[in-house]
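# Structure assessment
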Amino acid sequence: MGRLFSYLRKYTRDCILAPLFKLLEAVLELFVPLVVAAIIDHGIADRDVSYIVRMVMVLFALSVTGLAVSVTAQYFSARAASSFARDAKKALFEHIELFSMADCEKLGLATLINRMTGDMNQVQSGVNMTLRLLLRSPFVVLGAAFMAFVVDVRSAFVFVVVIPVLALVVYLIMRVTVPRFRSVQGGVDDLLARTRENYRGARVIRAFNLQESERKGFHDAGDSLLTRQLGAASLSALTNPMTSFVVNLGIMVLIWYGGLRVEAGTLTQGSVVALFNYMSQILVELIKLAGLIQTMTRALASARRVGSIFDMEPSMADGSRMDSPEDGPAIEFRHVSFSYAEGCGRVLKDISFRLERGQTLGIIGATGSGKSTLAALMARLYDPQEGEILILGAPVRSYRLSYLHDTVTLVLQKARLFSGTILGNLKLASPHATEEDVRAALADAQALDFVMEKGLDAPVEAGGRNFSGGQRQRLSIARALVHGGSILILDDSFSALDYKTDSLVRQALAARPVTKVIISQRSSSVMNADLIILLENGSIAAMGTHEELMASSPVYREIHYTQFEKEDGDV
Amino acid sequence: MYKKTLIRMFSYLAAYRGRFVLSVVMALVYVLSSLYIPLLAGQAIDSLIGPGRVDFSLLTGRLAAILVTSLVCFLSQYILSRLNNTLVYSLSRNLRNDAFDKIGRLPFAYLDSHRQGDVVARVIGDVEQVADGLLLGFSQFLTAVLTIVLTIYYLFSLDWLMALVVILLSPLSLVVASFIARRTHKHFRKTAEKRSLQTDLTDEFITNTGEVICYNLQNQCQERFGRVNDEWAESSLKGTFYSSLVNPATRAVNSIVYACAALTGSLLVITGRMSVGGLTSALSYATQYTKPFNDITGVVTELQNALVCASRIFALLDEAEVEDRGTLELPHGPLSVSFRNVFFSYVSGQDLIRDFSLDIESGRHVAIVGPTGAGKSTIINLLMRYYDADSGTILIDGIPIGQLKLSSLRLSFGSVLQDSFIRRATVRENIAMGRSFTDDQIIAACQKAHVHNIIMNLENGYDTMLDDDEGLLSAGERQLIAIARCMVALPNLLILDEATSSIDTRTEGLIQSSFNEMTRGRTSFVVAHRLSTIRNADIILVMKDGDIVESGRHDELLARGGFYSELYHSQYAKAVGQGR
């Protein structure tokens, strides 16, 4: 949380000026009773109408000055709060961008989004309100106590007792409610996740006619949020009644004690009136403060949630190497084993292989055999628990990640496009690419036709929804080609393409002088590779060229024949 | 414009009429008791006449009355705020539920063309802002109004001229407040829009984490986010600042009223119409009277923000809905499907399907083939009524699909769709999809779909929690889950839209026999790239650029030497040719 509020430091001046001007306004307000007293004592007593008019002018002047002063205060606090929220949001976003895939998956997308938006809004309004009221209210409360001492030292003990009791009540209520408000935000996370899910999965949800049960689920989650909200609010709703009650008790004691002292002749009736007025002033201020405390409590709960993201260090340490050795194989795995989380089964077991530069590696295997994981490890989306991975002759961990990803281009299985234009997506990773580069990449990816039809500036909606699965895949291949890099990994990037397009893309790629890793379930996609790895249950079941595997591996043969058996008779 | 939104908000309140009335009563009790305490305290102080002349019996009586009154005050205030919390949070829950339910009834034309983040911002973020605004409104508005009414009463009891001065001048602060509020409105709306844009961008970038990492897009995303963030901060600053002007402005007006009251009062005292004590009381009432005005104007700005957000929610609620006016249900058993002169376009003017007619007898297998982007999935969209045809009819079992209950229509289809969506639920629930099956049935289906072993390898087997966002399952495994979903129950009609595109050919071959068993005697539609899987279809529709260019059986089409045979030969000849 400390990290979060450090973004206020830049606005220290605003944060000091805002309450200071508020203070000034409060001081100006304290003058008003004095002026009124003067009107009564001099103007009315002496029947001096011009004096009264002059004093009323002073009141006017006080109110105009007060307006100017408090407008200034409001400006400073609004500026500090929005600038702080802007900087903190930016920093939070940048911090999240440092996270690895594993980190993001662990946290969950919905909660990240909610903390970025909902929680930050709470923190912002908390900062704003705090700057406006925090200095003013304690000043008024302590000022009233100070005045009580001036009026009568012995009666002021009531203030000495009442103020700490008030502070204690406020502190205790806040302490209990902060965690409850945090749990409220947790409930909001859940609703957010459900809303996203129902938007995205609408087709499947409707296909199974699940709207009703999804509705029920959402309503139940809403009810549970309601329970949490009421649980948190029912306690914080105590703040105002409790503090008022304490002050009212204080007033009773004050008057009773005052009565004893007046009876004894050590205090006047007027002084009791003054003391009573000061206690009332505290009461009025506390009512204002109670609102602030609610806002602050919620803001604090949200700040904790944002802070916990700041406190989470990215789990992957960046390397420093910004070049690659002259020699050494393109990709080498040495006894690599990997599991996604502790306690989960190992997805890859003791993988070792070597791929020379310029060669093509084909990876084939059943669904769930670990092909995508293998690809992800090459681009260091995850770190393996055991073994070592070398890229271009140096350990993958030694490279600066940005350099590694410029060298190793991974086209993800579930490739996603960004909202914007087609050209924007293609040039995303390499803004300086020329038009020829883009066209060549589109041509190789067999995407030139449909792109030219729509135009390079055709809009792309979030996730590329306005394109078919095959079009998305071809665009993502083109994007990778524009990006360049000496190792190109295609994770099942042809699955939505028809065989004809698939083979055209592969032919075009063959002409590009880069090391290629092609993951596919189609035997035709990998059979020309220099090296083919057959994965089974996370282990290498067989490795070699197409011919070698056809001779040695019955499983590989079977895979091949499920595709080609009948055609052999036809063609 | 406000008025409509406000009236609609009140319609939500109607469900809690009883509590609302109780809340008003409690507010009344609270204001009465809290205003009564100073009066009692004044009388108690009056008993302290001087040394040796304190009326202790009066003093103890009044102090006891203060104790009782402050207890009443305590209780009424506590009950009041709990009632208000319940009211506001229940109301916002109902609003959120309605907004969420709406998503389930929106047509795909809306869902496919709107930003997910924007809708999420409305359902979650805007509802929260509405709740915040209303809470402040409820907790301060009522008490403020009641305080004003009671104070007017006390002022008149003092002096009518004095009362008139205060009452006539005070609305000035309301005028000032509404003047500012009108100018603030624009900024609130802008801030809400920017906030939703920001949510949307955050959503997109976080969802695309894989791409961001693989293409080193961190800096670019930060820049884009930074720009939206700056714009948001700018309008947020303006909105916050302008709205925070209301309080100082009304306070200034109030102190001017106070000064006028002081002037009037002093002159009244000089002319002998009023006592000094009366003036003191009048002035203290003048402050008390203007304070609630302050509160009300503060509430007005909050309410304004709430109304802006509410109107965004209502705009979502007012979107046109999917029509589900059909009443008929499909029988069980084999069903025929007919297309009669169907025209369809996603964007009006750009016909994707033109005058399409076809009769499919029950139990036939239809394959739809064609290059990527030819509009194969569109046929599925029309069959499942995700989209409605622009003209023409689709009949199932002789009934136009518009006359069928949507639920009956969709549940008659077993479908494996292109994008296999995983619910945030356990594996078991992901397969049952709200239908009731025994564990044995679910396991049997998973075995048929060859996903049972994969599931057993997960941390908690069938009880493992899945999430569409996370990478626990690969695309192929997700498809297998979708296939198991379909296999667990035998529907009347079957749609397989690229059902095995991410599954390896060997597993696919293994599943094929289960598929064959499933499709036997059922009308089925298969969209596939793998020609081998559709060779046995009764009719093959060959699509190109949205048109059905050829149709017939595999052998007929091959013999015809048209587009299909071109497609077929290029695929297998090339693939095999490259093999050697």
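About the thresholds
Residues numbered from 1 in each chain as written. Chains lettered and ligands numbered in written order. Predicted model: local features only at pLDDT ≥ 70, side-chain atom pairs only at ≥ 80, totals over all residues. Helix = DSSP H or I, 4+ residues; strand = E, 2+ residues; numbered from the N terminus. Rg over C-alpha atoms; globule rule 2.2 N^0.38 Å. Contact = placed C-beta atoms within 7 Å. Buried ≥ 20, exposed ≤ 12 C-beta atoms within 10 Å, placed from the backbone. Pairing = 2+ DSSP bridges. Axes fitted to C-alpha atoms, helices over the stretch in contact; angles between N-to-C directions. Domains from an automatic or database assignment. Expected span 1.5 Å × (residues − 1). pLDDT = per-residue confidence, 0-100. Core = buried A, V, L, I, M, F, W, Y, C linked by C-beta atoms within 7 Å. Left-handed = near helix turned anticlockwise from the far one by under 90°. Nonpolar A, V, L, I, M, F, W, Y, C, P; charged D, E, K, R; others polar. Parallel < 35°, antiparallel > 145°, perpendicular 65-115°, else oblique.

As a further point, take the overall build of chain A. When helices and strands are tallied, chain A shows 21 helices and 12 strands. Taking 25 Å as the expected radius of gyration for a compact globule of 571 residues, we find that chain A reaches 36 Å, considerably beyond that expectation. Viewed in the frame of its principal axes, chain A has a C-alpha envelope of about 120 × 50 × 50 Å. Considering only contacts within chain A whose residues lie at least 6 apart along the sequence, 78% involve residues at least 24 apart.

Of the regular secondary structure elements, chain B holds 21 helices and 10 strands. Here the C-alpha radius of gyration of chain B, 36 Å, is well above what a compact globule of 580 residues would show, namely 25 Å. With the principal axes as the frame, chain B shows a C-alpha extent of 120 × 50 × 50 Å. Split into buried and exposed, the 580 residues of chain B put 52% on the buried side. Once local pairs closer than 6 in sequence are excluded, the contacts in chain B between residues at least 24 apart make up 79%.

So, about the interface of chain A and chain B. Many structure descriptions define interface size as the accessible area lost when the parts assemble. Taken residue by residue, the interface counts 150 residues in chain A and 144 residues in chain B. Considering every element that reaches the side of chain A that touches chain B, the biggest residue donor is helix α3 (residues 49-98) of chain A, with 26 residues.

Another aspect to go through is the sheet that holds strand β11 (residues 531-536) of chain A. The strands making up a sheet associate through backbone hydrogen bonding, with each pair oriented either parallel or antiparallel. All names here are of chain A. Within the open sheet, the 6 strands sit side by side as β6-β9-β10-β3-β11-β12. Their pairing is mixed. On the outer flanks of this sheet lie β6 (408-411) and β12 (539-544), each paired with one strand and no other. When strand polarity is set aside, the average angle formed by the axes of neighbouring strands in this sheet is 15°. Here strand β3 (residues 360-365) runs beside strand β10 (residues 515-519); their pairing, made up of 4 bridges, is parallel. The residue of β10 that forms the bridge with G362 is I518. Helix α17 (residues 469-483) contacts β6 and β9 (487-491) of the sheet and is inclined by roughly 175° relative to β6.

What follows concerns the domain arrangement of chain B. Domain boundaries in chain B define domain 1 (86-317) and domain 2 (337-579). Each of domain 1 of chain B and domain 2 of chain B was reduced to a C-alpha centroid, and the two centroids are 52 Å apart.

A few words now on helix α2 (residues 17-46) of chain B. The end-to-end C-alpha separation of α2 of chain B is 44 Å, in line with the 44 Å expected for 30 residues at 1.5 Å each. Elements that come into contact with the buried residues of α2 of chain B comprise α10 (239-264) and α11 (269-311) of chain A together with α3 (56-105) and α5 (116-158) of chain B.

All right, on to the pairing of strand β6 (residues 413-416) of chain B then. Residues and elements named next belong to chain B. Residues F413 and S415 point to one face of β6 and G414 and V416 to the other, with burial holding for every one of them. As defined by bridge partners, β6 adjoins strand β7 (residues 493-497) across 4 bridges and the pair is classed as parallel. Bridging across to β7, V416 finds its partner in L496.

You can read the domains of chain A as domain 1 (2-311) and domain 2 (331-570). Computed from C-alpha coordinates alone, the two centres of domain 1 of chain A and domain 2 of chain A are separated by 55 Å.

Residue and element names in this part refer to chain B. Confidence in the prediction for chain B averages 84 pLDDT; 95% of positions are at 70 or higher. With pLDDT under 50 throughout, residues 573-580 is counted as low confidence; its partners more than four residues away or in other chains account for 14 contacts. Predicted complex metrics record ipTM = 0.81 and pTM = 0.76.

Once that is clear, we can look at the nonpolar core. With 348 residues, the main nonpolar core has I489 of chain A together with A484 of chain B as its most contacted residues. Broken down by element, the residue count for this core peaks at 19 residues, all from α11 of chain A. Excluding anything up to four places from it in sequence, A484 of chain B contacts I431, A445, C446, A449 and V451 of chain B.

With that settled, consider unusual backbone geometry. The phi torsion of most residues other than glycine is negative, and most of the peptide bonds are trans. A positive phi is found at N537 of chain A, a non-glycine position, where the angle reads about 50°. Although it is not a glycine, N216 of chain B adopts a positive phi angle of roughly 50°. By secondary structure assignment, the location of N216 of chain B is in the loop between α8 (209-214) and α9 (218-244).

Turning next to the packing of helix α5 (residues 109-133) of chain A against helix α7 (residues 171-207) of chain B. Interaxial distance between α5 of chain A and α7 of chain B falls to 10 Å at its minimum, and their mutual angle equals 145°. Relative to α7 of chain B, α5 of chain A is oriented so that their crossing is right-handed. Between α5 of chain A and α7 of chain B, the residues in contact are L109, L112, I113, M116 and T117 of chain A and R195, Q198, T199, T202, D203, I206 and T207 of chain B, respectively. Here the residues of the contact of α5 of chain A with α7 of chain B sort into 5 nonpolar, 5 polar and 2 charged.

A word on the confidence of the model for chain A. All names here are of chain A. When pLDDT is averaged across chain A, the result is 86; 97% of the residues are at 70 or more. Element-level pLDDT for chain A is lowest in helix α21 (residues 554-570), with a mean of 68, against a maximum mean of 95 in strand β1 (residues 331-338). Of the regions scoring below 50 in pLDDT, residues 566-571 engages in 6 contacts with residues more than four places distant in sequence or in other chains.

This paragraph deals with the environment of E285 of chain A. Residues and elements named next belong to chain A. Locating E285 in the fold gives a position in helix α11. Owing to 20 C-beta atoms within 10 Å, E285 belongs among the buried residues under this scheme. In the structure, E285 is positioned 145 residues away from V140 in sequence and 7.2 Å away in space, judged by C-alpha atoms.

All names here are of chain B. Spatial ordering of the open sheet is given by β2-β1-β4-β5, a layout of 4 strands whose pairing is antiparallel. Of all the strands in the sheet, just β2 (353-360) and β5 (399-400) have a single pairing partner and so form its edges. As defined by bridge partners, strand β4 (residues 391-396) adjoins β5 across 2 bridges and the pair is classed as antiparallel. Bridge pairing in β5 links I396 to I399. The sheet strands contacting helix α12 (residues 376-383) are β1 (337-344), β2 and β4, and the helix crosses β1 at an angle near 110°.

So, about the environment of S503 of chain A. The residue S503 of chain A is located in helix α18 (residues 499-510) in this model. Considered as a pair, S503 of chain A and S525 of chain A are 22 residues apart in the sequence and their alpha carbons are 7.4 Å apart.

Residues and elements named next belong to chain A. Counting buried residues along β11, 5 of its 6 residues qualify, which places the element largely inside the surrounding structure. Alignment of β3 against β11, held across 5 bridges, turns out to be parallel. Counterpart to I363 in the pairing with β11 is I533. In this antiparallel pair of consecutive strands, β11 and β12, the connection spans 2 residues, and N537 shows a positive phi of 50°.

In contact at an axis separation of 10 Å, α11 of chain A and α2 of chain B are set at 160° when each is read in the N-to-C sense. By the angle between their axes, α11 of chain A is roughly antiparallel relative to α2 of chain B. The way α11 of chain A lies across α2 of chain B gives a crossing that is right-handed. Along its contact with α11 of chain A, which presents Q269, V272, V273, F276 and S280 of chain A, the element α2 of chain B presents P38, A41 and I45 of chain B. Residue classes in the contact of α11 of chain A with α2 of chain B are distributed as 6 nonpolar, 2 polar and no charged.

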